[in-house]
Structure formats: C-alpha cells, structure tokens
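Fold and contact review
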Amino acid sequence: MVKIESTYIPIILNITRDIEKREFTKLMEDFPQASVSDYFKHQKKELFKTQNPQKNLSEGALEELYREWSQNLNMDEEGVWVWYPWLQKMVHLLKKEEFIALRTSRNQHKITPAEQNQLIQKRIGIIGLSVGHAVALTLATERGVGHLKLADFDTIDLSNLNRIKTGVFNIGVNKAVVTAREIAEIDPFITIECFTKGLTDENIQDFLTGGGKLDLLIDECDGLDIKIKARHAARVLQIPVIMETSDRGMLDVERFDLEPDRPILHGLGEQINPEKLGQLTMEQKIPIVLKLTDAFKGSVRGRASLLEIGQSIGTWPQLASAVALGGAVVADTSRRLFLGQFTDSGRFYVDMESLVCDKQKQASEEISNIPPPLMEEEALAMIKNHSNLEGGVKPSSEAIEEMVNAACQGPSTGNDQPWKWVYQNGLLFLLHDVARSDSFGDYRYIASDITFGGAAENLLLKAHALGFKVSIESFPEGENSRIIAIFRFFKETDKGFVFETVSQPELVSQINSRCTNRNPMKNERLSSEVIEQLNNSVVNFLGAKHYFFDDEKSKYGLGAIIGGCDRIRLLNKDGHKDFVKREMRWTPEHAEQTKDGIDIRTLGLAPAEMAALMLIKDSSVAKLLHKIDGGQGLIEVTIKSVMDSAGIGIIILEGGRGRKKFFDGGRAMESLWLKATELNLDMHPLISPFYLFPRLSEGNGEGLDAMEKEKIVTLRKNFQEITKIQDNCAEVFMYKIGKSTQVPIKALRLPLTETLFWGA
C-alpha cells in the first residue's frame, strides 16, 4: 500500500462500472469527513457554451439545454469521480475527452485543436523541481504535454517558498511529489511519474525510455555530473534538451533530435568527464559552472551572488519572478519545438532588465584629473636650477645606462614605474612622473616614495660595482617637489663629500633576479639564522626596524587584516577603478604591449579564485558587493595565502613620517628583498594596510565612506594589538615570505628610451 506522504496519483472512478462503484462507496465509508465537490452541472453548461460560441447562449438557454440533456440520466453516473488521497477530497468531473476539450478551449486558436491533440501525445521529462516546478505547472496548465516524468530527490524547505508556489503544509514533502499533486489537482488526466531519488545511474534509462522514449528532456537540476550524463544519454537517444537558469532569462536549447552529433552544451561541456565531476569540491566546480553558464554575461546581482555563496548566502539565489518567467519561456519553447515552429539550437536570453528599462538612462562620463605624462622637455626644465652642482666625476653614458637599468628593476606599486631619469653634467636626477602613479593606492605619494627608495638602493649597489662612490640628496627642493633625488658620483680618492654606505655589496648580483612571487608557498618556518640575516639587511638603515611573525595566531590575525584592507580597496569605487583599468593587464599580450602593470598570470590564483576575480572585475558587481557589505571571501583567500607562508615581515622607520622617511624605508625594503632573493626565498608584498591606514590617521578618512572608515579603525586597532607598532613611525612595507611551489613570471619593465633623458 502506498503511503499517503508519497502518493500523488488521483483515483479516477467511472461508477457505471460495478467494481469502481464499490470502490467509490468504500472510500466514502472509510473517510466520512471527506470533502465532496460536485460542480458537474456547472462544467456541463460551460461545455455547451463553448460548443456553441456563435449563439451567445444566455443562462436561461444553458439551463434549458442542460435540462433536456439530463432527462432520464442519473447525474451521479455521468462523467467521472476523482479521489485525491492527499486531500481526502472527491470531485465530480466531466469525462476525460470533454474535460480536456473544455479546459483547453481558451487556448484556441493560439493553439489549434489539431495542435492540441498533437501536444497531448508528448512525453516530457523534467530533472529538478525548483525551477522545474514552474515549468511543469505551466506545461500542464497549458496542456502542452500528456505524460510527465519528474525527478528530484529533495524535499520542500521553507526557504524554497520564495519561488515555489506551494503551501507550508508541503514542507518536508518530496518536490516531485508536490509538483505531481498540484498538476493532478489541475488536470487528473495528465499521466505523471515521479522519480523521488532523483536521476541516478541506475534509473536514467528508465527515465528516458521507460514506457516510451521521451520527446523532450528539461534540465533544471543543480548537479553538474547529472547535467552532463543526462545530455550524453539524450544525445544517444536523439532527445532534445532545454535548460533555463533563472538569470537574465537564459535558455539553452540542444536539438539532439535534429543534430545527433551536436556537442554537449554548445561545445562548452563536450570535454567534461561527468564521472570526475562528482569527485570535485564545490570550489573546484565553480570555474566549470561559470564556463557552462557563461556567468560573466549574467545579471549584475546574479554575478555578485555567486561570489557570496558560502559567505552571506548558502546557495544560488532565485526569485519567484525569474522562476515564473523561466516556466513560461520553457513551456512556450517546448510547444513550438513540438509543433515544428522552432528548429534551432543555441543560447537565448529573455532579459527583462534590458527589455523593460529606463530608455533615457545613460552612463555619465567620468572626468579624469590625472596629470599629463612627464615628457623630456619638462623634465629638463625642472632640473635647470641644479645642473651646475660641483664636484664628482662624470660616468660614461654606458655606465649611467647600467645604473639606471638596475634602478628600474626595483619594485613599484602595481608595477607602475613612476620614475623618470635625467643625466646632465655628471648629475643623475630622479624625477616623479605623477601620471604613472596617480592612483587610490598612492596616497600622499607614500607608495611612490618607497618605490623611489628601492630604485635608489639598486642604483647605489650597481654604482659601487662599477667603482663609483655616490652621494644622494633627496628632495632638494622640499617634499612638494617632483625632483625626488640627485645622485653625484665620485672616485675613492675624492675627499670632502659624504658618500652613501654600501654594507652588502654582494646583493648587486640579485637585482635582476628579485621579483614578486604570488604563487602558493610552503608553510615551512624559517630558521633563526635566516631571520637574523633578514633583520641585518634592514638595520643598516638609520631608524629602520624589522618585525617578523611566524606563529599561527599572528599570521591568521595579520592575514585577516590584510584581507580586510584588500577587500576595502577592491570594493572602493576609486580603488576598484585603479585595480581594473590602471594596474591589471588582463592578457599576456596587453602586458607585453605596455611593459608595465601586473600580468594576470602572475597572481598565482586557483581557478575558483581567478573566476571570482573575473566576476568582480565588473564595477557594477563591486558596487553591489560594497552596498551589501559582501566580498568576505576575499578575506578568506588572503588568510589562506598567509597561513601557507613561512611568516609575515614588516619594516618600519622610527622617528616620525614624511617623504624622506618613506624614501629611506624604500631602500631598506629593497635591501631586505635582495637578501631574501640571495637566500632563495620568495616574497609577496601585502601592503594595502599601509596605504589605507594613512587615509584615516592623516587624511581624516579622505576617499573613504563611513562604513570603510569604521572598518579601517577596527583593522588598525587589531594591527597594533598584534604587532605592538605605534603611530609615531613610518610603516613602510609588509610582506609574506617562504618557498613557492612555482617559478614566478617576472614583471616587465619599460625600455630606457622611455624613462631616461639626456641633458646637454
């Protein structure tokens, strides 16, 4: 006996037959509280009316027709009685042929009677009964099918009721059963089969061919492996497949009936092994899902929601309006497919946001305040007042090129390379090309000044290797000048000048090898001897201190702080624009063309992380994530990256802040990085906190909204609790270090012809 919780097939009784009459009587006796609904007369009169549309029959005329027809008839024995076990209701209906004729009468002539008869013969299978619920009910309501097979292992949850039109009393009931019952309550003559274990390897053939081959397979399931397996089987059997995804009304049609060799999902799924899909983690499946659904063409809110799965939401969101639209689109498409009115395959969009929208809405033009690039004529004019300094020697043009080339191998934020060099009368000038560094990350030129210090340290090492002593005058016109430094060159015999000390001349050999490695690292602690060598490479610079944190608690805490700052920067309007348009090179070809910026291949991201980055690349997605305080997954990515490293290092300069301090700090940074390179260690700068904290401490939150300020206050407090670093210092550099699992791709550099000018 079938349990009432799982039954979905109504009992249809013709009580002119003795056996069925006895069953009717027994049901009434066994269920004395059952509801009986007898509107047979109403149905019969409506049938008379639809059969005589030209007569415009009045109520009186209909009553007379019914009286004449019903003479000498036992009305209880006319038509059929339908028992709904799950409702304990008995309903008196017209017989099948009359019921169908009356119920579909208002389809005419959008669907002709001949077409309706054709549709009634069709068999459709639906996998997945969330969106599939709307599809099945629309198909059944329109009577575009005669036999339905429904497959879903899941039950109704309260959270499903945002899009599945059913009652709270169905919570806990299998979705296929709920759908089948609701169809039976509309039309008990539609044949329905439920596969309450979902589609499996064991039942897939029965689902597709049992009792007769399906005429159409509708895929609305979540399981990637089932999607692919079902299509392979459908292609062999030449069964067409339709799928609707409830985002932008995206509809996939695969006419395997007309194209038996058609690639799976338009070629996107042809090479995917469904057996391996079941073994993948959710994170591993994300890039595949994005590929199969072409998610980068999805709605803004849909793409943002993808990034929030597992963070602020548990699963892919769907709205009742989108699901209802999907039901309509699939039902309409299947009808036209069956009637030969639609023969194509492909991916189609019924996007309400683009079809019904504000026609006059246009994006406003962004006004850029970026200054023009520093060109040769302006650069030569800038140094005019300093070109007659006395003392020193004049290195050859070849030596200058070697030194400047070494300097330009230093790191810069986003590989922006904000330097210009001018050589005249034995003097080498380092100038700031503001156009190259103007960005959200270069607040008050802190990033640029650190960059210039790193370049100066490289130049000093190279000059020493070439036999020169060097004096450096930083910011000769004050800290508001674009002249960053003047380098003068001397020989050992020159007296009366102050030369820069080169304490580790051997590091010159590491200049061309040093690079950022963003690939995953091994969580292997550094020895105390190695940490001491790193410390010593920094303390040679007056006021510089190096902190190193390799315990798990500190690493986790700092990772959360860095990730939190990365998230703020990426979701901030200006920060996002800089990252996407100024900093990143989204193709290797673009990186090769510009010789600057960050080649996307160097990010060292896992496929799922890369997919997330490509989604968040869209400013509309970033804007929405900022609005909902989303994007927490960005923090988790950074924490994982930090936890997999040997530790986090920090360089500060004591004794206050100021541009000269950050310049000196940049020298200490480069010295440490070169030492790490010599020790065969990989480094990855994690500096967003040091570019955001000053916006609060020195700029009263300049460029930040209230929510961002509040978060940075908390992050700054957490940073100081972990590191014990206070406010009266220049925070220069933070990085993770270790041994990477992969060889990095070295960032490209601009040619010297673009960065080095020659004076008279």
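Preceding this paragraph is the structure being described.
Below, the structure is looked at part by part. (Residues numbered from 1 in each chain as written. Predicted model: local features only at pLDDT ≥ 70, side-chain atom pairs only at ≥ 80, totals over all residues. Heavy atoms only, no water.)

1. Describing the sheet that holds strand β10 (residues 250–254)
Convention followed: At least two DSSP bridges between two strands are required for those strands to pair. Here a helix means four or more residues in a row that DSSP labels H or I, a strand means two or more in a row labelled E, and each is numbered from the N terminus. Every axis in this analysis is a line fitted to C-alpha atoms, fitted for helices over the stretch in contact. Angles between the N-to-C directions lie between 0 and 180 degrees. Should any heavy atoms of two residues lie within 4.5 Å, those residues are counted as being in contact.
A sheet is described by the order of its strands in space; here seven strands give the open sequence β7-β6-β5-β8-β9-β10-β11, paired in mixed fashion. Edge positions in the open sheet fall to β7 (191–195) and β11 (346–349), since each of these has one partner strand only. Sheet twist, expressed as the mean angle between neighbouring strand axes with direction ignored, is 15 degrees. Bridge analysis of strand β8 (residues 216–219) against strand β9 (residues 241–244) gives three bridges, and the strand direction is parallel. If you follow Leu217 over to β9, its bridge partner there is Val241. Against the sheet, helix α7 (residues 175–186) touches β6 (147–151) and β7, its axis set at about 170 degrees to β7. Relative to the sheet, helix α13 (residues 320–338) contacts β5 (123–127), β8, β9 and β10, its axis offset from that of β9 by approximately 160 degrees.

2. Overview of the packing of aromatic side chains
Put simply, the rule is: Pairing of aromatic side chains requires ring centres within 6.5 Å, counting the rings of Phe and Tyr and the six-membered ring of Trp. Pairs whose planes differ by under 30 degrees are stacked, by over 60 edge-to-face, and all others tilted. Relative accessibility thresholds used throughout: buried, under 20% of the residue-type maximum; exposed, over 50%; partly exposed, between the two (1.4 Å probe, protein chains only).
The final tally for this structure, using the stated rule, is 18 aromatic pairs. Geometrically, the ring pair formed by Phe475 and Phe663 is edge-to-face, given 6.4 Å between the ring centres and 80 degrees between the ring planes. Residue Phe475 is located in the loop between β14 (469–474) and β15 (483–490), and its partner Phe663 is located in helix α26 (residues 659–678); the two are separated by 188 residues in the primary sequence. Side by side, Phe475 and Phe663 carry an identical accessibility label, which is buried. An aromatic cluster is present here, built from Phe40, Tyr66 and Trp69 joined pairwise through their rings.

3. Focus on the pattern of salt bridges
The condition is simple: By convention in these notes, a salt bridge is any Lys or Arg side-chain nitrogen within 4 Å of a carboxyl oxygen on Asp or Glu.
Scanning the model with the defined rule gives 49 salt bridges in all. The partner of Arg231 in a salt bridge is Asp219, and the shortest N-O contact between them spans 2.8 Å. Remark: Asp219 occurs in strand β8 and Arg231 occurs in helix α9 (residues 224–237); sequence separation between them is 12 residues. The residues Arg231 and Asp219 share a single accessibility class, namely buried. In the salt-bridge network here, residues are joined through shared partners; they are Lys41, Lys45, Glu59 and Glu63.

4. Observations regarding the sheet that holds strand β12 (residues 419–424)
Taken together, the five strands give an open sheet; going across it, the order is β14-β15-β13-β12-β23, and neighbouring strands pair in mixed fashion. Strands with a single pairing partner mark the edges of an open sheet, and in this sheet they are β14 and β23 (756–758). Neighbouring strand axes in the sheet, compared pairwise and without regard to direction, differ in orientation by 20 degrees on average. Summarising the sheet, β12 and strand β13 (residues 427–432) pair through six bridges and their orientation is antiparallel. When the bridges of β13 are listed, Trp419 appears paired with His432. The strands touched by helix α18 (residues 446–465) are β12, β13, β14 and β15; relative to β15, the strand with the most contacts, the crossing angle is about 10 degrees. With respect to the sheet, α26 is in contact with β13, β14 and β15, its orientation differing from that of β14 by roughly 145 degrees.

5. Considerations on the side chain of Asn160
Applicable threshold: Polar contacts, as used here, are pairs of N or O atoms within 3.5 Å; protein pairs need one atom able to donate a hydrogen and one able to accept it. Residues neighboring in sequence count only if both atoms are side-chain atoms.
Take Asn160: it is sitting in the loop between β6 and α7. For Asn160, a relative accessible area of 5% gives the class buried. At 2.7 Å, the side chain of Asn160 and the backbone nitrogen of Asp157 are in polar contact. Ignoring anything within four residues of it in the chain, the contact list for Asn160 reads Thr155 and Lys175.

6. With respect to a positive patch on the surface
Note the threshold: Here a patch means residues that are over 30% exposed by relative accessible area and free of salt bridges, tied together within 9 Å if like-charged and within 5 Å if nonpolar (Val, Leu, Ile, Met, Phe, Trp, Tyr). In this description, accessible areas are obtained by the Shrake-Rupley approach with a 1.4 Å probe, and a residue is regarded as covered only by the protein chains that are shown. Only four residue types enter the charge count, namely Lys and Arg as positive and Asp and Glu as negative; His and the chain termini do not. For charged residues, the charge sits on one atom: NZ in Lys, CZ in Arg, CG in Asp, CD in Glu.
Together, Arg301, Lys573, Lys623 and Lys627 give the surface a local cluster of positive charge. In this fold, Arg301 is placed in helix α12 (residues 300–308).

7. Brief notes about helix α6 (residues 131–142)
Since the α-helix turns once every 3.6 residues, residues separated by three or four places project in the same direction. Using the following cut-off: Expected span of a helix, by definition, is 1.5 Å for each gap between consecutive residues, and there is one gap fewer than residues.
The end-to-end C-alpha separation of α6 is 17 Å, in line with the 16 Å expected for 12 residues at 1.5 Å each. Residues Val131, Gly132, His133, Ala134, Val135, Ala136, Leu137, Leu139 and Ala140 constitute the buried set of α6. Among the residues trailing α6, Arg143 stands out with phi positive, at a value near 60 degrees.

8. What to know about the nonpolar core
Which entries qualify depends on this criterion: Note on terminology: a nonpolar core comprises buried Ala, Val, Leu, Ile, Met, Phe, Trp, Tyr and Cys residues joined through side-chain atoms within 4.5 Å.
Judged by nonpolar contacts, the single largest core of 40 residues is most densely connected at Ile124, Ile126, Leu139, Leu150, Ile183, Ile192 and Ile218. Counting residues per element, the ones that place at least two in this core are β5, α6, β6, α7, β7, β8, β10 and α13. Among the elements that line this core, the one with the most residues is α6, at seven residues. Among all residues touching Ile126, those that are not within four sequence positions of it are Gly132, Val135, Ala136, Leu139, Leu148, Lys149, Leu150, Ala151, Phe207 and Ile218. Grouped together as the second largest cluster of nonpolar side chains are 29 residues, Ile531, Phe662, Ala730 and Val732 included.

9. Re a nonpolar patch on the surface
A cluster of nonpolar side chains, namely Leu158, Val168, Phe169 and Ile171, defines an oily patch on the protein surface of about 460 Å² accessible area. Along the chain, Phe169 turns up in the loop between β6 and α7. Overall, the relative accessible area of 69% leaves Phe169 in the exposed class.

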